[in-house]
Amino acid sequence: MLLSSAITTVLRRSGLSITNATFKDQAREYINMILSETLPEVPWWWLEKTTTFITTETFTISSVSGTFTAGETITGGTSSFTAVVDAYTAAATTITVRALTGVFTATETITGGSSGATATYASTARTRTYNPISGTVTAWHSFVDQSNNRTLDTVGADSFDAGDPDRDQTGDARSVLVSGVDAVTGYPSVDLWPLPPENDTIQVRYKMDIPEWTSSNDTSDLMALGITPRVLQSMLVYGAVSLYMEANADDTGAQREAGNMSRVLEVAKKQNLEMQGNRQFNPIDSTSYNDALIRIDSSIVIA
């Protein structure tokens, strides 16, 4: 179902014009509201994601001409050493790089292989802070240093600071701090400790959030926008119609559509539980209940 189709269905079920732009915008807003309240309802399997990022070093540069591009190779004019650009931050006059072939020389000119941009190289430092996800995150599950075959501990700010107050220790990463959000992008940031060498691969498991939809998303399929189960697409429609009818003082219709939303949501929750197979689990510490075990299912209750 396209987002535009969902909006049209919401308006038709609400008895409103399907061509009125204001009505369309409000329907989209209601769909966004229902979605934002549904995502934290249960641990939906389709929000689980895995990605990797590569550790880098940060070049401080000056006298920049042009714009360096991610993925291009830069070369030192004096040293002839090379590195691959990970990102260029014009405001901070820094370049994050990886795959260095040697130590660049201070004051030498570096040149981008594809962009043709140039700058004067000043110094290098290992990179501490990373933005591994280009989007919002609702939960971090694990960090794994694939290059060194070990998991990283996720710690709080107090532990992170106490381990290295002056933040100068180097070595393979052992700990991760979720340090906030990037001031420019608003994407979440993580810090690594100790300062790792460049070119290590870090795997991240996390739960994603779905950003608010705008009119630019209307031609996209809801599945492509992140709503994998089809049953939840229907739930979004019922929920939006309920909010529309409530706003228009149709309490009976709002209650009916809210009931439809609740019914479909329960179906989606059941489907979500079955994603990991048909395993059954024994009660925790079931032996401690002796003969007074109460079963909560379709069986007869025994005591």
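Here goes a summary of the coordinates provided. (Residues numbered from 1 in each chain as written. Predicted model: local features only at pLDDT ≥ 70, side-chain atom pairs only at ≥ 80, totals over all residues. Heavy atoms only, no water.)

**A short note on the overall build of the chain**
Phase 1: A tally of helices and strands in the chain yields five helices and 13 strands.
Phase 2: Since a compact globule built from 303 residues should have a radius of gyration of about 19 Å, the 26 Å found for the chain marks it as more spread out than a globular shape.
Phase 3: For the chain, the spread of C-alpha atoms along the principal axes amounts to about 75 × 65 × 30 Å.
Phase 4: Look at the contacts in the chain between residues 6 or more apart in sequence, and 67% of them connect residues 24 or more apart.
Phase 5: About 16700 Å² of surface is accessible on the chain, with carbon and sulfur atoms providing 50% of the total.
Phase 6: Averaging the positions of the 20 positive and the 34 negative side-chain charges in the chain gives two centres separated by 9 Å. (Helix = DSSP H or I, 4+ residues; strand = E, 2+ residues; numbered from the N terminus. Rg over C-alpha atoms; globule rule 2.2 N^0.38 Å. Contact = heavy atoms within 4.5 Å. Areas by Shrake-Rupley, 256 points an atom, 1.4 Å probe, with all protein chains shown as cover. Lys, Arg positive; Asp, Glu negative; His and termini not counted. Charge placed at Lys NZ, Arg CZ, Asp CG, Glu CD.)

**Concerning the pattern of salt bridges**
Phase 1: For the structure on display, the rule yields nine salt bridges.
Phase 2: Of the charged contacts, one joins E48 and K207 as a salt bridge, the two residues approaching to 3.8 Å between their closest N and O atoms. Here K207 lies in strand β13 (residues 201–208) and E48 lies in strand β1 (residues 48–54), a separation of 159 residues in the sequence.
Phase 3: Residue E48 is classed as partly exposed on the basis of its relative accessible area of 33%.
Phase 4: A salt bridge links R167 to D191; the shortest N-O distance between them is 4.0 Å. (Salt bridge = Lys/Arg side-chain N within 4 Å of Asp/Glu carboxyl O. Buried < 20%, exposed > 50% of the residue type's maximum accessible area, 1.4 Å probe, protein only.)

**What about the packing of aromatic side chains?**
Phase 1: As enumerated under the stated definition, the model contains nine aromatic pairs in all.
Phase 2: Each ring, one from F68 and one from Y88, has its centre 5.6 Å from the other, and the planes form 70 degrees; the classification is edge-to-face. With F68 in the loop between β2 (57–65) and β3 (73–76) and Y88 in strand β4 (residues 82–89), the pair connects residues that are 20 residues apart, well separated along the chain. When sorted by exposure, F68 lands in the same class as Y88, which is buried.
Phase 3: Taking the centre distance of 5.7 Å and the plane angle of 45 degrees together, the rings of F104 and Y121 count as tilted. Placement of F104 in the loop between β5 (94–98) and β6 (109–112) and of Y121 in strand β7 (residues 118–126) is noted, with a sequence separation of 17 residues between them.
Phase 4: Among the aromatic side chains, those forming a connected cluster through ring pairs are F59, F104 and Y121. (Phe/Tyr/Trp six-rings, centres within 6.5 Å; stacked < 30°, edge-to-face > 60°.)

**Some remarks on the packing of helix α1 (residues 3–13) against helix α2 (residues 21–38)**
Phase 1: Two elements in contact, α1 and α2, have axes separated by 9 Å at closest approach and are oriented at 105 degrees. Judged on the interaxial angle alone, α2 and α1 are roughly perpendicular. Where α1 approaches α2, its residues L3, A6, I7, V10 and L11 are matched on the opposing element by F23, K24, A27, R28 and I31.
Phase 2: Across the contact of α1 with α2, the residue classes tally to eight nonpolar, no polar and two charged. (Axes fitted to C-alpha atoms, helices over the stretch in contact; angles between N-to-C directions. Parallel < 35°, antiparallel > 145°, perpendicular 65-115°, else oblique. Nonpolar A, V, L, I, M, F, W, Y, C, P; charged D, E, K, R; others polar.)

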